[in-house]
Amino acid sequence: MKLLEFEAKEIFKKSGIPVGIGFVITNPDEIDDRINYMGGEVVLKAQVDVGGRGKAGGVIITDVKSARENAALLFSREIKGIPVEKILVEEKLPIENEYYVSITLDRAKKEPVILFSATGGVDIEQTARENPDALQRVWIAPVLHDIPPFMMRRLLNGVPKELGPVINSLYRVYCESDALLAEINPLVTTPKGVYAADAKLIVDDNALYRQGIEVNRDLTDRERRAEKFGFSYVELDGSIGVIGNGAGLTMSTLDLISHYGGKAANFLDVGGGAGEDRVCNAVKLVSEMPGVDVIIVNLLGGITRCDEVARGIVKAGISQKVAVRLAGTNEAEGREILKKQGYMMLDTMDDVVKYAVSEASL
Amino acid sequence: MIYGDKSTKVIVQGATGNQGAFHIDLMNRYAEEVGGFGVVAGVTPGKGGQEVHSVPVYNSVREALLEHDASTSVLFVPGSAAGDSVMEAAYNGLELVVAITEHIPVHDAMKAISYARLEGCSVIGPNCPGTLSPGELKLGIMPVNLSVPGNVGVISRSGTLTYEVVNELTRAGIGQSTIVGIGGDPIIGQTFVDVLERFEQDSQTKAVVLIGEVGGNLEEEGASYTDLPIVTYIAGVSAPPEKRMGHAGAIVAGGEGDAASKIRRLEAAGITVADKPSDIPRLLEEML
């Protein structure tokens, strides 16, 4: 789950990474006396989860007197289609230099990789493409608690040493917050020291339980309900509902739909060993999506019992067509149940997908 | 047989839960069928002294190994404790851990796999169906009735999609040497390269089917490694960017790892890519 800037900065602060003085507001009237301690100018930053927020009009620099007026303006904007619900009001830092630092996962090396660039405030993917030498990288063994000094020297490559402790703190935040990405862009030097001017943290969904996060905000309501049922579920915009077991098989079903000229409405992996109720819930959930004409149920495997699956489909009793492909334990019983109720049964993945595409509106 | 044979003795960590108990039974039925040892002991902290399908359960890996000889562990421990269990197995000298568990925090997986490597222990998974050498050894949860012994190795990041492909192979009369599900998480122990290295050393394996997914670049790295004839299939061609398709690893982010560019890179390296799973047997036959 992606944290917003002010949430990430709370964590940074606790871990000793300096951030500017600031507070969060939900309407312009919440700007109060605190703003008088921030010097002549302040920065108003929309708390929205989009990249390129500044360019999209999500950041306003203003003098203290016009802060309320400008906050009202910012609240009235949509930043890349997202309404502004919270604004971080922050002191304007007297920036001398800007840097980039991030820590992420290198899947191939199975280790965290730390990226550093002496130019900050930039699109780092563009820097990586156009000027790869400007980007320093070091890989750190996950059994280490701190970045060793030699590694830090190599990373900083002659840049002011005072950045070192902040980067090391960021590495600790990365580990302790179960982060998939910890990023400061820009990391800035000022006459009063080093500051994280922006903050980005993405927390591993599998570790939310131990990070005190109860609700995963990144999900839609239906996706959250699906999560409660234990499904992996993603909404798309086609007309063919998809229920499968296993991520790979379900993804492959989506690909076949597109191969045969159809469009999938969703991805739903019911997981292993799905029984009657799970299947019933899955079928109902997908049938509730607007624009679904036909639903493919493609289940295969050793643990999943086909008779249970069949009963689940019948129990859901939805109005849309259901095209079923079942293989595995108790297959014959499952087929018998569905045949009696007049469901469409097909033998292979190709056949079930072709049938659904022919039944769906495009 | 690249991860063991009939003579391999296995322990199961997380033996007393539903999944653990169910699969101890299935693994031992298969062992009986092929004349192997199968699961000789189970481990669940606090449940020592119980039995699961006649397999004795111990409180720790150490206690189990005092009474039984074993080289391999299959793990059904819940995600929050699975990293610890991998390290326990490695510390006690096991050679191979097959981690079936899903939803392990990435940082735990990173640490545990890194530690296991220091102890000389290989890890398959996490979030994987395990491995099956038809007629020899089953480690994990793969259904056995779809497979027949033969000369084609299968490596995959998915579970059920592997069964789908194995089913297609078997129907086309193509048997399998070993089937390995390496898992769908961003951080996994055995990668395509590791498994292919083992297939290269294996005299039984004459060709390989590699089933990949969107996300990362492990498929390209793996496929270009081997001299064995190889057919690949990449799932997720239709996956939109930034949406996680079930597997935590299957996410197209920052323009990296999308299926189209993956397939382009594979084809540029002269590797055969199947459009759909049902095309795989024909492509293999053309090669062999």
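Being a predicted model, the structure only gives us computed values, none of them experimental. (Residues numbered from 1 in each chain as written. Chains lettered and ligands numbered in written order. Predicted model: local features only at pLDDT ≥ 70, side-chain atom pairs only at ≥ 80, totals over all residues. Heavy atoms only, no water.)

1. Side note on the overall build of chain B
- The number of helices and strands found in chain B is nine helices and 14 strands.
- Scaling as 2.2 N^0.38, a compact globule of 288 residues should have a C-alpha radius of gyration of about 19 Å, and chain B matches this with 18 Å.
- Considered along the principal axes of its C-alpha atoms, chain B spans approximately 55 × 40 × 30 Å.
- Relative to its full complement of 288 residues, chain B shows a buried share of 63%.
- Contacts spanning at least 24 positions in sequence make up 70% of the contacts within chain B whose residues lie at least 6 apart.
- If you sum the accessible surface of chain B, you get close to 10,400 Å²; carbon and sulfur atoms cover 47% of it. (Helix = DSSP H or I, 4+ residues; strand = E, 2+ residues; numbered from the N terminus. Rg over C-alpha atoms; globule rule 2.2 N^0.38 Å. Buried < 20%, exposed > 50% of the residue type's maximum accessible area, 1.4 Å probe, protein only. Contact = heavy atoms within 4.5 Å. Areas by Shrake-Rupley, 256 points an atom, 1.4 Å probe, with all protein chains shown as cover.)

2. Focus on the pairing of strand S5 (residues 72-75) of chain B
Residues and elements named next belong to chain B.
- The alternating pattern of S5 places Thr72 and Val74 on one face and Ser73 and Leu75 on the opposite face, and all of these are buried.
- Direction of pairing for strand S1 (residues 9-13) relative to S5: parallel, over a ladder of four bridges. Opposite Val12, over in S5, you have Val74 as the bridge partner.
- Sheet topology places S5 next to strand S6 (residues 96-99); four bridges connect them, and they run parallel. Looking across to S6, one finds that Ser73 is bridged to Val97.
- For the crossover that starts at S5, traverses helix H3 (residues 79-91) and ends in the parallel S6, the hand is right-handed. (Pairing = 2+ DSSP bridges. Right-handed = clockwise from strand over helix to strand, strands pointing away.)

3. Some points on the interface of chain B and chain A
- Between chain B and chain A, the residue contacts involve 56 residues of the former and 48 residues of the latter.
- Interface of chain B and chain A: buried area, both sides summed, is about 4,000 Å²; carbon and sulfur atoms make up 59% of it.
- Taking the shortest distance from any N to any O, the salt bridge between Arg210 of chain A and Asp108 of chain B comes out at 2.8 Å.
- Linking chain B with chain A are 14 residue pairs in polar contact (both at pLDDT 80 or more).
- Counting residues per element, the ones that place at least two in the side of chain B that touches chain A are helix H1 (18-34), helix H4 (106-118), helix H5 (160-171), helix H7 (218-223) and strand S13 (230-235) of chain B.
- Top element by residues in the side of chain B that touches chain A is H4 of chain B. It accounts for eight residues. (Buried area = accessible area lost by both parts, 1.4 Å probe. Salt bridge = Lys/Arg side-chain N within 4 Å of Asp/Glu carboxyl O. Polar contact = N/O pair within 3.5 Å; in protein donor to acceptor, adjacent residues only side chain to side chain.)

4. Some points on the packing of aromatic side chains
- What the rule picks out here adds up to three aromatic pairs over all chains.
- Measuring from centroid to centroid gives 5.9 Å for Tyr99 of chain A and Phe116 of chain A, while their planes differ by 20°, and the two rings are stacked. Linking Tyr99 of chain A in strand S7 (residues 97-106) with Phe116 of chain A in strand S8 (residues 111-117), this pair joins segments that are 17 residues apart in sequence. Comparing Tyr99 of chain A with Phe116 of chain A, the two get one shared label, buried.
- Ring centres of Tyr171 of chain A and Tyr174 of chain A lie 6.4 Å apart, and the angle between their planes is 25°; this geometry places the pair in the stacked category. Taken together, the residues Tyr171 of chain A and Tyr174 of chain A, both in helix H5 (residues 163-176) and three residues apart, mark about one turn of the helix. Each member of the pair Tyr171 of chain A and Tyr174 of chain A is classed as buried.
- Between the NZ or CZ atom of Arg34 of chain A and the centre of the ring of Phe23 of chain A, over which it lies, the distance is 4.0 Å.
- A cation sits over an aromatic face here: Lys9 of chain B above Phe37 of chain B, 4.6 Å from the ring centre. (Phe/Tyr/Trp six-rings, centres within 6.5 Å; stacked < 30°, edge-to-face > 60°. Lys NZ or Arg CZ within 6 Å of the ring centre and 35° of its normal.)

5. What to know about the domain arrangement of chain A
- Its domain assignment divides chain A into domain 1 (21-91), domain 2 (97-210) and domain 3 (221-359).
- Of note, the centres of domain 1 of chain A and domain 2 of chain A, computed from C-alpha atoms alone, are 26 Å apart. (Domains from an automatic or database assignment.)

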